[in-house]
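Spelled out, the chains give:
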Amino acid sequence: MRTTTPRRWRSGTEPATARSDLKLRYLLSLTFTPLFALATVGFAVWAAVSPAYGAPSRGTLTGFAVACGLLTLFAAVDLVVVIRRRRTEL
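Residues numbered from 1 in each chain as written. Predicted model: local features only at pLDDT ≥ 70, side-chain atom pairs only at ≥ 80, totals over all residues. Heavy atoms only, no water.

(A) The pattern of salt bridges, seen in detail. For the structure shown, the criterion picks out one salt bridge. For the salt bridge of Arg25 with Asp78, the shortest nitrogen-to-oxygen distance reads 2.4 Å. Residue Arg25 is found in helix H1 (residues 22-49), and its partner Asp78 is found in helix H2 (residues 58-89); the two are separated by 53 residues along the sequence. Classification of Arg25 by relative accessible area gives partly exposed; the value is 24%. Owing to a relative accessible area of 18%, Asp78 belongs among the buried residues under this scheme. (Salt bridge = Lys/Arg side-chain N within 4 Å of Asp/Glu carboxyl O. Helix = DSSP H or I, 4+ residues; strand = E, 2+ residues; numbered from the N terminus. Buried < 20%, exposed > 50% of the residue type's maximum accessible area, 1.4 Å probe, protein only.)

In structure tokens form, the structure reads like this:
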């Protein structure tokens, strides 16, 4: 009888059927997507109404708005992935 070799050798002690906690990922994505979206809007509005030479500069506030926007996108994509995986696996 011929034995097959796995495609990838596992280097750790994780089980062969390890799965992520989809309920926790769903809860975190559901919580942080609107939170980061509100932070994006807040920083963008703050950057728009701040004076030209204010204490936090417009560039800093714009950078925070962009960073929060990227985090919003990441959380939203993760939420879509988790919802799709929960429908197929559970």
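And the narrative resumes.
(B) The arrangement of H2 in detail. Look at H2: 46 Å from first C-alpha to last across 32 residues, which is about the 46 Å you get at 1.5 Å a residue. Residues Leu61, Ala65, Cys68, Thr72, Ala75, Asp78, Leu79 and Val82 constitute the buried set of H2. Buried residues along H2 sit in contact with H1. (Expected span 1.5 Å × (residues − 1). Contact = heavy atoms within 4.5 Å.)

(C) Representation of the packing of H1 against H2. Closest axis-to-axis distance for the H1/H2 pair is 7 Å, and the angle between their directions is 155°. Here H1 lies roughly antiparallel to H2, going by the angle between them. Our pair here, H1 against H2, has a crossing hand that is left-handed. Considering only residue class, the contact of H1 with H2 consists of 22 nonpolar, six polar and seven charged. (Axes fitted to C-alpha atoms, helices over the stretch in contact; angles between N-to-C directions. Parallel < 35°, antiparallel > 145°, perpendicular 65-115°, else oblique. Left-handed = near helix turned anticlockwise from the far one by under 90°. Nonpolar A, V, L, I, M, F, W, Y, C, P; charged D, E, K, R; others polar.)

That is the geometry; function is a separate question.
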